[in-house]
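# Tertiary structure, described
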Amino acid sequence: MVKLPRYRTGDAALDEAVAAIVERAAEPADRDLVFELIASALRLARDRADRGDLKIANAALKEMRHAFSVFAPYRAARKVTIFGSARTQPDDPLYEQTRKLAAALAAADWMVVTGAGPGIMEAGIEGAGPENSFGVSIKLPFEAPTGQFLSGDPKLMSFRYFFTRKLEFVKESDAFVLLPGGFGTLDEAFELLTLLQTGKAQPAPVVLLDVPGGTYWETWLAFVEHELRDRGYISAEDLALLHITDDVAGAVDEVLGFYANYHSMRFVEGTLVLRIREMPEPATLAELARDFSDIVSSGTIEVVDTAPAELADDDHVELPRLGFRFDRQSWSRLRVLIDRLNGRSRST
């Protein structure tokens, strides 16, 4: 019988019935979480939740379950989400800029994720090709999915809610490129930067791409610098989270360069473990430990062995590792550290 978690339905008999179902349906390692998922649904019923609230919870969970299953076979592939205006026309230079970007990243074995609508989204799919693209569309009365996808393509998903759609964009992507757009694009830009700034998303490159002579992101940056940074609403280091360019090759270099040496990270028993491809020379490691001591809560940045938890999960056990006690708040400084590990410097 499943060992019951602390979070239960509140009804002992019902808990036992749920445990029996979970034992039949779920893998042993995941039974506690599946139990709690079911318990949450039953507690909603016990709370006499409003039918509208039940609809929201039901639709959100169904959308997430479907999206998880679609992305699951492609988890090993690097993916870039491309954001931008649905109103961009095919004859706009931004459309061609996006198409070239997506084609270049697909040539580097990256897959592209877009909102599956017209404009910048369609340009991204056109450049990468439907076989290398995911469409995460939103149900809107005035926006239909692009015809770039073949009918019935399983990589085309439809969402009712923006919040579940945005979750998939962030959760499944290793990089983000934003082209000029309206309220939606700016919402995505600021939310993405907020998630990275607060550590609610894995570190990733964010490129703000325009066309030569374009003023969109430079004007946006002037606002951010003068009204946010200079007033103290953000730190100067937070600007390390983004890169502005009007050059496709520069955008591709920023995306690929982020993973030149850095691979991924994981917390293991309070230690932040950075998985990298090549270990720095001892002198370079000493410099990093000195220059980034401000983000280390205790101890220092040092070489660490693969932890038992990582071995149990077969979590990139072949890669060398650096570890340290991270203060869990200096996420923008962590981005600068990653840049240094990649042999790149970034001014803020």
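Residues numbered from 1 in each chain as written. Predicted model: local features only at pLDDT ≥ 70, side-chain atom pairs only at ≥ 80, totals over all residues. Heavy atoms only, no water.

A large share of strand S3 (residues 133-138) lies buried, amounting to 6 of its 6 residues. Side chains Ser133, Gly135 and Ser137 of S3 all project onto a buried face; the interleaved residues Phe134, Val136 and Ile138 project onto the opposite face, where all are buried too. In this sheet, S3 lies alongside strand S2 (residues 111-114) in parallel orientation, the contact comprising 3 bridges. Counted as the bridge partner of Val112 is Ser133 from S3. Once you follow S2 into helix H5 (residues 120-128) and on to S3, the crossover reads as right-handed. When S3 meets strand S4 (residues 156-159), the two strands line up parallel, connected through 4 bridges. Considered in S4, the bridge of Val136 is made with Met157. (Buried < 20%, exposed > 50% of the residue type's maximum accessible area, 1.4 Å probe, protein only. Helix = DSSP H or I, 4+ residues; strand = E, 2+ residues; numbered from the N terminus. Pairing = 2+ DSSP bridges. Right-handed = clockwise from strand over helix to strand, strands pointing away.)

Summarising burial for H5: 7 of the 9 residues are buried, a large majority. Regarding H5, the residues found buried are Ile120, Met121, Ala123, Gly124, Ile125, Gly127 and Ala128. Buried residues along H5 sit against strand S1 (79-83), helix H4 (93-107), S2, S3 and helix H6 (162-172). Where H5 terminates, the next one or two residues include Gly129, which has phi positive at roughly 90°. (Contact = heavy atoms within 4.5 Å.)

So, on to the packing of aromatic side chains. Enumeration over the complete set of coordinates arrives at 14 aromatic pairs. Taking the centre distance of 4.8 Å and the plane angle of 80° together, the rings of Phe326 and Trp331 count as edge-to-face. With respect to class, Phe326 is no different from Trp331; both count as buried. By the ring-pair criterion, three or more aromatic residues cluster together here, those being Trp110, Phe258, Tyr259 and Tyr262. One residue, Arg78, lies across the ring of Tyr259, its end atom 3.9 Å from the ring centre. The side chain of Arg328 reaches across the aromatic face of Phe267, ending 3.8 Å from its centre. (Phe/Tyr/Trp six-rings, centres within 6.5 Å; stacked < 30°, edge-to-face > 60°. Lys NZ or Arg CZ within 6 Å of the ring centre and 35° of its normal.)

Another aspect to go through is the pairing of strand S8 (residues 262-268). With 5 of 7 residues buried, S8 lies mostly within the body of the structure. Across 6 bridges, S8 lies against strand S9 (residues 271-276) in antiparallel orientation. In the sheet register, Arg266 faces S9, and the bridge partner there is Val273. Between the antiparallel neighbours S8 and S9 lie 2 residues, among them Glu269 with a positive phi of about 50°.

Leu101, Phe324, Leu334 and Leu337 are the most contacted members of the largest nonpolar core, which totals 77 residues. Looking at this core, the element that brings in the most residues is helix H12 (residues 331-341), giving 6 residues. Setting aside anything within four residues of it in sequence, one finds Leu101 in contact with Ile82, Val177, Leu209, Val248, Ala251 and Val252. Grouped together as the second largest cluster of nonpolar side chains are 7 residues, Leu4, Ala19, Val22 and Ala26 included. (Core = buried A, V, L, I, M, F, W, Y, C linked by side-chain atoms within 4.5 Å.)

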